[in-house]
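# Understanding the architecture of this molecule
Now for the letters of each chain:
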Amino acid sequence: MRLIQIRHVHGGRRTGVVSDGSIALLRGGESIYAFAQLALNGRASLSAVVESSVTQEALDYDAVYSGASDWRILPAMDHPGESARCLVSGTGLTHMASAKNRDAMHAAPEQTSARASGAWTGQEGRPTEAETPTDSMRMYQLGVEGGRPAAGEIGAAPEWFYKGSGLVLRAHSEPLDIPPHAEDGGEEPEIAGIYVIDSAGAPRRIGMAQGNEFSDHRFEKRNYLNLAASKLMTCAIGPELVVDPEFGSVAGEVSIERDGAPIWRKRISTGAAAMSHSLENLEHHHFKHAGHRRPGDVHVHYFGADAFSFGEGVTLRDGDVMQVQFDGFGRALRNPLRVAGASKKLFAALPL
């Protein structure tokens, strides 16, 4: 089941079920969050609640997706009442390809040369004895060795980062911004888990959505400790939320278009088989924190990227379009890049 949230240009929201080329509108709730609450309160599955709410009203998905309709696509999940009650976060170094990219970003110059020349020959992500691994590769290796614990056990902790509140979420076709203080912006094609916390404080997975986590890679490359700040950027999920998706092995493609023509594309993989941590382990280490289990809150958690263009020397420009698509997750997520001004402004706190 694939759900979508839309809003009318003159106001008002609706939720629908995507099927082929149409959107079947639902009654009884203007958001996926509302239907999740109905399911929790009625002790029913989300799918059952949605199926009982389908109306005869339908929209042409092609028109909505292309922007030719009076309806606009919203992020695949949000907290409709209070954006601050949606926490956007993620975990990195879960995929070997992106771990190598991060390793190259943070390695000493002589190590970078060794990696570029093909000297990285270790097994299962392990460096050769002649190499000193960066913290990035150490973190990835922790996942390889302990990120898939037996059922009922707790595994190694993954990398974790904070993106922001729901205010940073963007929808399909909305721009992702490089703010004046940032040095760069680049796509990170990922799948995100979508959660709501029930009245007992237990996390409940609603589904998953494809996403573009977006980050300031140039700033991060200057120093590994810039990672946290490099993540405080806008990001996108959608256009569809998939209820109970297949997450064993998911193939996809990421591409960059400039002036209507592709300048870079790559086949990518994600899912349980492609990651060094199990989904259950990633979820445990996010929700083990009491502050992440407040009833009624929404969580959007990115699971990590397999590859991104910055790792292959691509620098994005204003107007470039980033596209992410994973098999089984609906239509492609497309977002233009926007350079949001070039002048920096001092934000100094004033005494009260």
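Residues numbered from 1 in each chain as written. Predicted model: local features only at pLDDT ≥ 70, side-chain atom pairs only at ≥ 80, totals over all residues. Heavy atoms only, no water.

### Observations concerning the side chain of Ser 69
The cut-off we apply is this: Numbered from the N terminus, helices here are DSSP runs of H or I no shorter than four residues, and strands are runs of E no shorter than two. Throughout, a contact is declared for two residues whenever any of their heavy atoms are within 4.5 Å.
If you trace the backbone, Ser 69 turns up in the loop between helix 3 (61-66) and strand 5 (71-73). For Ser 69, the residues in contact, after removing those within four places along its chain, are Ala 63 and Val 64.

### Remarks on a nonpolar patch on the surface
Note the following rule: Residues enter a patch when their relative accessible area is above 30% and they make no salt bridge; the linking distance is 9 Å between like charges and 5 Å between nonpolar side chains (Val, Leu, Ile, Met, Phe, Trp, Tyr). Per-residue and other accessible areas follow the Shrake-Rupley method at a 1.4 Å probe size, with only the shown protein chains counted as cover for residues. Counted as salt bridges are all cases of a side-chain nitrogen of Lys or Arg within 4 Å of a carboxyl oxygen of Asp or Glu. Only protein chains enter the accessibility calculation, which uses a 1.4 Å probe. A residue is then buried if its area is under 20% of the maximum for its type, exposed if over 50%, and partly exposed in between.
On the surface, Trp 160, Tyr 162 and Leu 232 cluster together into a nonpolar patch covering about 290 Å² of accessible area. If you trace the backbone, Tyr 162 turns up in strand 7 (residues 161-165). Residue Tyr 162 is classed as partly exposed on the basis of its relative accessible area of 38%.

### Describing the environment of Ala 273
As for its placement among the helices and strands, Ala 273 is situated in the loop between strand 15 (261-270) and helix 9 (279-287). A sequence separation of 26 residues divides Ala 273 from Phe 247, and the C-alpha atoms of the two residues are 8.5 Å apart.

### Examining helix 9
Taken across its 9 residues, helix 9 has 7 buried, putting it largely inside the fold. On its buried side, helix 9 packs onto strand 6 (86-90), strand 10 (189-197), strand 11 (203-212) and strand 16 (298-302).

### Considering helix 1 (residues 32-41)
Rules: What the arc measures is the spread of directions leading from the helix axis to the C-beta atoms.
Of the positions making up helix 1, those classed as buried are Ile 32, Tyr 33, Phe 35, Ala 36 and Ala 39. On an axial view of helix 1, the arc spanned by its buried residues comes to 165 degrees, and they lie on one face. Following helix 1 by one or two positions, Arg 43 adopts a phi angle in the positive range, close to 50 degrees.

### Overview of the pattern of salt bridges
Note that side chains of opposite charge can pair when their charged atoms are close. This structure, assessed with the given rule, holds 18 salt bridges. For the salt bridge of Lys 163 with Glu 213, the shortest nitrogen-to-oxygen distance reads 3.3 Å. You can see Lys 163 sitting in strand 7 and its partner Glu 213 sitting in the loop between strand 11 and helix 7 (217-222), a full 50 residues away along the chain. Note on accessibility: Lys 163 and Glu 213 belong to one class, buried. We note a salt bridge from Arg 204 to Asp 198, for which the minimum N-O separation is 3.3 Å. Look at Arg 204 and you get partly exposed, because its relative accessible area is 41%.

### Some thoughts on the packing of aromatic side chains
Basically, it comes down to this: Here a pair means two rings of Phe, Tyr or Trp (six-membered ring of Trp) with centres within 6.5 Å. Their orientation is stacked below 30 degrees between planes, edge-to-face above 60, and tilted elsewhere.
Enumeration over the complete set of coordinates arrives at 3 aromatic pairs. With a centroid separation of 5.6 Å and an interplanar angle of 55 degrees, the aromatic rings of Phe 247 and Phe 303 are classed as tilted. Note that Phe 247 is positioned in the loop between strand 13 (241-242) and strand 14 (250-258) and Phe 303 in the loop between strand 16 and strand 17 (321-326), a separation of 56 residues in sequence. When its relative accessible area of 0% is taken as the criterion, Phe 303 is described as buried.

### Some remarks on unusual backbone geometry
Trans peptide bonds make up the majority, and among non-glycine residues the majority have a negative phi. Here the bond from Gly 238 into Pro 239 is cis, since omega is 5 degrees, no more than 30 degrees from zero. Mapping Pro 239 onto the fold places it in the loop between strand 12 (235-237) and strand 13. Unusually for a residue other than glycine, Asp 20 sits at a positive phi of about 55 degrees. Within the fold, Asp 20 resides in the loop between strand 2 (13-19) and strand 3 (22-26).

### Comments concerning the confidence of the model for the chain
So the rule is basically this: Each residue carries a pLDDT score, the predictor's confidence in it, ranging from 0 to 100.
Mean pLDDT for the chain: 92, with 92% of residues reaching 70 or above. In this model, residues 112-116 is a region of pLDDT below 50 whose contacts with residues beyond four sequence positions or in other chains number 11 contacts. Below pLDDT 50 for its whole length, residues 119-123 participates in 16 contacts with residues either more than four positions away or in separate chains.

### Concerning the sheet that holds strand 15
The condition that has to hold: Between any two strands, pairing holds if DSSP finds at least two bridges. The convention used is that axes are lines fitted to C-alpha atoms, helices contributing only their stretch in contact, and that angles between N-to-C directions extend from 0 to 180 degrees.
Ordered in space as 9-18-17-14-15, the 5 strands form an open sheet in which the pairing is mixed. Strands at the two margins of the open sheet, each flanked by one partner only, are strand 9 (176-178) and strand 15. Neighbour to neighbour, the strand axes of the sheet diverge by 20 degrees on average, direction disregarded. Pairing between strand 17 and strand 18 (residues 333-339): 4 bridges, direction antiparallel. Each bridged residue has a counterpart across the sheet, and for Gln 323 the counterpart in strand 18 is Arg 334.

### Quick look at the nonpolar core
Just so we agree on the cut-off: Within this scheme, the nonpolar core is defined by two criteria: the residues are buried Ala, Val, Leu, Ile, Met, Phe, Trp, Tyr or Cys, and they are joined through side-chain atoms within 4.5 Å.
Formed by 31 residues in total, the largest nonpolar core has its most connected members in Ile 191, Phe 247 and Phe 303. In terms of nonpolar packing, the next biggest core, distinct from the first, is built from 29 residues, Phe 35, Val 50, Ala 209 and Tyr 302 among them.

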